[in-house]
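The primary structure of each chain is shown beneath.
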Amino acid sequence: MNVTLLLFRICGKAILPLTILVLLSAGSTILALQLIGRELAGEIPEGMSAGLWFSGAVVLLVVSRLVSRNLLDWLSMRAIARIRHNLAKNILRLPLTRIEELGVPKIMAHVFDDVARIGAGLSGLPNFLGHVIVLIGAMTYLGFVSTAGLAALLTVLILGVICYRWLLAMAMNAQRDARNARDGLYDLTGGMARGAKELRFNAHRKHHFFEKSFSNMLDRHFRKSLLGAVYATTGLTLSQVLYFVCLGVIVFAVPQFVVLDRAALMKFAVIVLYLPAPIEGIVQFFSTLTTAQVSIERLQELGVLDENLHRHEASAAIVGHGAVESLSVSSLEYTYKQAEAEERDFHVGPLDLVFRPGEIVFFVGGNGSGKTTSAKVITSLYEADSGTIHLNGQPISADNIDWYRQHFAGVFSDYHVFDAYPSGSQHCDQEVASTAERYLERLELEKVVRLEGGMLSTTTALSTGQRKRLALLVVLLEDKPVVIFDEWASDQDPAFRETFYLRLLPELAARGKIVIVVTHDDDYFAVADRIVTFRYGKVESDLPNERMLVRRPAVRSER
């Protein structure tokens, strides 16, 4: 896909009126220039009001340009908003591993920076077309004045365009490199913010970060950006002085070989003196178009561009979930591809597991044993390379995978808490708010967080432990049939850890939920009905827990 094709898709039915307006603008410009040239050459017939015709051409020029530009601004701004909306949706459709690989900085750069550059390219195309039409019209007019003069002028212009296109290609290559370096700066800046504690603890690491990694990437971005700017500025300067060269050739060189009367020279001079406007407009558009095309190519590489990116898409129907009577995975295998070539890929499976309602299952094993990855494969957050999943006896495929995922809720180590908690109706809002108040008290969050109008009052002004308890609150409110907790208790004090294992997990199981817990807390292994032990990505053992030292309490439903 290119910017021009995207613009024509965006304009749709507006193509015809935009084309008419551009033609009117170009035609009025050519008419005004012709009137000036003929007036200076003394060729205006007696009785013809050239001033009135000139005024009319100027009024038509102003009106056509205002209407066409405002119409295109409306179209392009609406399209940019839709592109951002659909682009965000398409990014969310990428495999989770791809999203994790991209990271927040690159995703934000794609959604905001790249789309803004594409929008700049879109908004400049009508003016570019107008400049091209004016240039063609001017050349046609000059052809009737002097064929030899036109040939000399076109020769100079063609040589100038060839030089400019070469400079533009060099600028485009430099801009691509600068864009890659900018992505690297995004990553490093994000790492600096996330690793502020580690940098403060280690002066050598801090020095290496700024003097080596960050400085080198910054220098690369500077050099490539400067190189691109130098090529672009050189091309722009060439276009600005090109009309002087054209004027010199017409005035001084052509008369040495072909006889041109004073009237013809005057007409050529008027047209050539006006050429900077369309030529610079064309040159600047190509520069903007180059940047926009680089952004489009990056989005194409990401795999999130499609033909309907600029169109308004109706929201898909919300897929609900039902009760879970059985959940099983058979011969499930997944290979986690490492980003770095020197690192070995991590393989999980085959997984052959069965989960039953009301059951607490602990996933245990050493660090890197595959517990969390297996949980993500079972939930289809990571789509398995092979094997089958059955929910209530129904096989899961690409056609119903979204429906399958709606049965899960959980807190993983890289969790995020959204401030909005949408529900179906006002009655549901009231019920959720009432349930939330009780849970907030149990989790000792009632003094720092409130749920009002489906919105959490804060998700950030909390300690690490409080934020994780808030994530647990959201899971409890969602009331899904399968819940997963990935090392949830690792950031909690002993009191909350005990509450989590001895009260909340048994309560969830007593309500008929499948509870899967990734944990190292061997002090609480007695809570589990089954313990699944992982080693090197494989299930080493899947045994019922006979050490039931904790009796589950009888609980009433919290909803």
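Residues numbered from 1 in each chain as written. Predicted model: local features only at pLDDT ≥ 70, side-chain atom pairs only at ≥ 80, totals over all residues. Heavy atoms only, no water.

**Q** Account for the overall build of the protein, with residues named and values stated.
**A** The number of helices and strands found in the protein is 14 helices and 12 strands. Here the protein holds 559 residues, and the buried ones make up 43% of them. Here the contacts in the protein between residues at least 6 apart in sequence split such that 75% fall between residues at least 24 apart. (Helix = DSSP H or I, 4+ residues; strand = E, 2+ residues; numbered from the N terminus. Buried < 20%, exposed > 50% of the residue type's maximum accessible area, 1.4 Å probe, protein only. Contact = heavy atoms within 4.5 Å.)

**Q** Which residues make up a negative patch on the surface, and what are the values?
**A** Where like charges cluster on the molecular surface, the negative patch consists of Glu 437, Glu 441, Glu 444, Glu 446 and Asp 493. For Glu 437, the position within the fold is in helix α12 (residues 426–442). (Patch = residues over 30% accessible without salt bridge, like charges linked within 9 Å, V, L, I, M, F, W, Y side chains within 5 Å. Areas by Shrake-Rupley, 256 points an atom, 1.4 Å probe, with all protein chains shown as cover. Salt bridge = Lys/Arg side-chain N within 4 Å of Asp/Glu carboxyl O. Lys, Arg positive; Asp, Glu negative; His and termini not counted. Charge placed at Lys NZ, Arg CZ, Asp CG, Glu CD.)

**Q** I'd like a rundown of the pattern of salt bridges, residues and numbers included.
**A** Under the counting rule described, the total for this entry stands at 13 salt bridges. For the salt bridge of Lys 513 with Asp 479, the shortest nitrogen-to-oxygen distance reads 2.6 Å. Taken together, the positions of Lys 513 in the loop between α14 (494–510) and β10 (514–518) and Asp 479 in the loop between α13 (464–478) and β9 (482–486) put the pair 34 residues apart, joining distant regions of the chain. On the basis of relative accessible area, Asp 479 is assigned to the partly exposed category, the value being 26%. In this structure, Glu 507 engages Arg 503 in a salt bridge whose closest nitrogen and oxygen atoms are separated by 3.6 Å. Of this pair, Glu 507 and Arg 503 both sit in helix α14, four residues apart, which is roughly one turn of that helix.

**Q** Can you tell me about the layout of surface pockets, naming the residues and giving the values?
**A** Within this model, the second largest pocket holds a volume of roughly 310 Å³. What lines the second largest pocket is a set of 17 residues, among which Leu 135, Leu 157, Val 161, Ile 279 and Ile 282 lie closest to the centre. At the level of secondary structure, the elements contributing two or more residues to the lining of the second largest pocket comprise α4 (96–145), α5 (147–194), α7 (203–253) and α9 (276–302). Ranked by residue count, the leading element in the lining of the second largest pocket is α5, at seven residues. (1 Å grid on protein atoms, 1.4 Å probe; cavity = no way out; pocket = protein on both sides within 12 Å on 5 of 7 lines; lining within 4 Å. Points joined across faces, edges and corners; volume = space filled by probe spheres on them.)

**Q** An account of helix α10 (residues 371–378) is needed here, citing residue identities and associated values.
**A** Counting buried residues along α10, seven of its eight residues qualify, which places the element largely inside the surrounding structure. For α10, every residue scored as buried is listed here: Lys 371, Thr 373, Ser 374, Ala 375, Lys 376, Val 377 and Ile 378. Looking one or two places after α10, you find Ser 380, whose phi comes out positive at around 65 degrees.

**Q** Describe in detail the pairing of strand β3 (residues 360–364), supporting the description with residues and values.
**A** With five of five residues buried, β3 lies mostly within the body of the structure. Burial of the side chains of β3 extends over both faces: Ile 360, Phe 362 and Val 364 are buried on one face and Val 361 and Phe 363 on the other. Pairing of β3 with β10 involves four bridges; the strand directions are parallel. Paired with Ile 360 across the bridge in β10 is Val 515. (Pairing = 2+ DSSP bridges.)

**Q** Please provide a residue-by-residue account of the packing of α13 against α14, values included.
**A** Viewed as axis vectors pointing N to C, α13 and α14 meet at an angle of 10 degrees, and their least axial separation amounts to 14 Å. The angle between α13 and α14 falls in the class roughly parallel. For the pair formed by α13 and α14, the contact residues are Arg 469, Leu 472 and Leu 476 on the first element and Phe 496, Phe 500, Leu 504 and Leu 508 on the second. Of the residues that constitute the contact of α13 with α14, the class distribution is six nonpolar, no polar and one charged. (Axes fitted to C-alpha atoms, helices over the stretch in contact; angles between N-to-C directions. Parallel < 35°, antiparallel > 145°, perpendicular 65-115°, else oblique. Nonpolar A, V, L, I, M, F, W, Y, C, P; charged D, E, K, R; others polar.)

**Q** Quick rundown of helix α8 (residues 262–274)? Include the residues and the values.
**A** The terminal C-alpha atoms of α8, which comprises 13 residues, lie 19 Å apart, in line with the 18 Å expected from a rise of 1.5 Å per residue. Taken as a whole, α8 has its buried residues at Ala 263, Ala 264, Lys 267, Phe 268, Ala 269, Val 270, Ile 271 and Val 272. (Expected span 1.5 Å × (residues − 1).)

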